[in-house]
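Reading the structure
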Amino acid sequence: NTTGMRMHGDDLLRCAWNTERDHADLVVTGIDGRSRTARLDGVGNPHDILPDEGHLVAVVATEQNEIVWFRRDGRHMRTWRPESTAESDSWHLNSLVRHQGRLLVGAFGRFTQRKEWDLLGKPASGCIVDVDSGAVVLNGLRAPHTPRFVDGRWLVCNSADGELIAVDSEQQHTVLAKFDGWPRGLLVTPRAVFVGISPDRKDLRTAAATSRVVALDPTSWETLAEVEVAAREIYDLVLAPRTLIAAMSTASIRNRTSSKTGR
């Protein structure tokens, strides 16, 4: 249920949705593996999280068609909405990124009707938008996710086409890799670019279909390795310290053991 995950210092921040869709939960896990949770009211179906403006956290409330800023204790601070006339989930807002001091957000399209992007078959209306000015930074995308600015150009998961693409300053699109699934989640390192691949929700080969992480060579874009993940979908990828991962694993085992013994 995690749809948004970032490292901030030694803390791992996760945004978790719930089936009621009237709120989300901010889960902050420290380097010791201990977690604390704050309720984020008014956030339905969150689709990203970003530490922003000092101690605030920006959360994409996709259902409400908004970006909402909270303190870590869950106190609401302010809200941004692209158009007052737009219905809920009409843009399908998702990935947040800061670039040259500007906050950018991904969208499936600047529509006014609820899930109009889905009714039209996820057309090439997807874009990356500057939150403050409303200017479109990237366009012509199909269900974009996880934009990352690398070496003077944007890398974007063009999810509906199953592609990782590069977009240059002239808005020229170059396909770097194609996948037999839904790419979403992008982690760039000097040695490899990691992409999360989820099976198509509407065309699952088996009920137990799993997602995977693909490692690509950042020069040739050839596949270096693939690792299956015991989950149906991947939303994002982050680079986390080994100490944090070890502490979270120990805490998970301890919680499962306590649950079994009734403690």
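Right above here is the structure, for reference.
Below is a short write-up of the structure. Note that the coordinates shown come from a computational prediction; the quantities given were computed from them, not determined experimentally.

Helix and strand counts for the protein come out as 2 helices and 20 strands. Here the C-alpha radius of gyration of the protein, 18 Å, is about what a compact globule of 263 residues would show, namely 18 Å. Projecting the C-alpha coordinates of the protein onto the three principal axes gives extents of approximately 60 × 45 × 40 Å. Per-residue burial over the protein gives 48% buried out of 263 residues. Per element, the accessible surface of the protein, about 13,300 Å² overall, is 48% carbon and sulfur. Charge centroids of the protein, computed over 33 positive and 34 negative side chains, lie 6 Å from each other.

Moving on: the pattern of salt bridges. In this structure the tally under the stated criterion is 17 salt bridges. Of the charged contacts, one joins Arg 81 and Glu 66 as a salt bridge, the two residues approaching to 3.6 Å between their closest N and O atoms. In this pair, Arg 81 is assigned in the loop between strand S8 (76-80) and strand S9 (96-99) and Glu 66 in strand S7 (residues 66-71), connecting sequence segments 15 residues apart. The exposure class assigned to Arg 81 is partly exposed, which follows from its relative accessible area of 30%. Taking relative accessible area as the criterion, Glu 66 reaches 17% and is therefore assigned buried. Between Arg 212 and Asp 180 there is a salt bridge whose closest N-O contact spans 2.8 Å. Of the two residues, Arg 212 sits in strand S19 (residues 211-216) while Asp 180 sits in the loop between strand S16 (173-178) and strand S17 (182-188), which places them 32 residues apart along the sequence. Linked by salt bridges that have partners in common, Asp 22, Arg 39 and Asp 41 make up one network.

A few words on the nonpolar core. Ile 67, Trp 69, Trp 80, Leu 93, Leu 96 and Val 105 are the most contacted members of the largest nonpolar core, which has 17 residues in total. Those elements that provide at least two residues to this core are strand S6 (56-61), S7, strand S10 (102-107) and strand S11 (126-130). With residues near it in sequence (within four places) discarded, Val 105 still touches Val 60, Ile 67, Trp 80, Leu 93, Asn 94, Ser 95, Leu 96, Cys 127, Ile 128, Val 129 and Val 131. By size, the runner-up hydrophobic cluster in this structure holds 15 residues, among which are Cys 157, Ala 166, Ala 177 and Leu 186.

Okay, the environment of Glu 226 next. With respect to the helices, strands and loops of the structure, Glu 226 is situated in strand S20 (residues 223-229). A relative accessible area of 46% means that Glu 226 is categorised as partly exposed. It is 35 Å that separates the C-alpha atoms of Glu 226 and Glu 66, two residues lying 160 residues apart in sequence. When sequence neighbours within four positions are dropped, the list of residues in contact with Glu 226 reads Arg 212, Val 213 and Val 214. Within polar-contact distance, the side chain of Glu 226 engages the side chain of Arg 212 at 2.9 Å.

Let's shift gears to unusual backbone geometry. A positive phi angle, close to 55 degrees, is found at Ala 143, a residue other than glycine. With respect to the secondary-structure elements, Ala 143 resides in the loop between strand S12 (136-141) and strand S13 (144-150). Taking relative accessible area as the criterion, Ala 143 reaches 2% and is therefore assigned buried. Even without glycine at this site, Asp 151 takes up a positive phi of about 50 degrees. Secondary-structure assignment places Asp 151 in the loop between S13 and strand S14 (153-158). Classification of Asp 151 by relative accessible area gives exposed; the value is 79%.

Here is what the cut-offs are and how they apply
- Residues numbered from 1 in each chain as written.
- Predicted model: local features only at pLDDT ≥ 70, side-chain atom pairs only at ≥ 80, totals over all residues.
- Heavy atoms only, no water.
- Helix = DSSP H or I, 4+ residues; strand = E, 2+ residues; numbered from the N terminus.
- Rg over C-alpha atoms; globule rule 2.2 N^0.38 Å.
- Buried < 20%, exposed > 50% of the residue type's maximum accessible area, 1.4 Å probe, protein only.
- Areas by Shrake-Rupley, 256 points an atom, 1.4 Å probe, with all protein chains shown as cover.
- Lys, Arg positive; Asp, Glu negative; His and termini not counted.
- Charge placed at Lys NZ, Arg CZ, Asp CG, Glu CD.
- Salt bridge = Lys/Arg side-chain N within 4 Å of Asp/Glu carboxyl O.
- Core = buried A, V, L, I, M, F, W, Y, C linked by side-chain atoms within 4.5 Å.
- Contact = heavy atoms within 4.5 Å.
- Polar contact = N/O pair within 3.5 Å; in protein donor to acceptor, adjacent residues only side chain to side chain.

Everything listed here is a matter of coordinates, which is why it stays silent on function.
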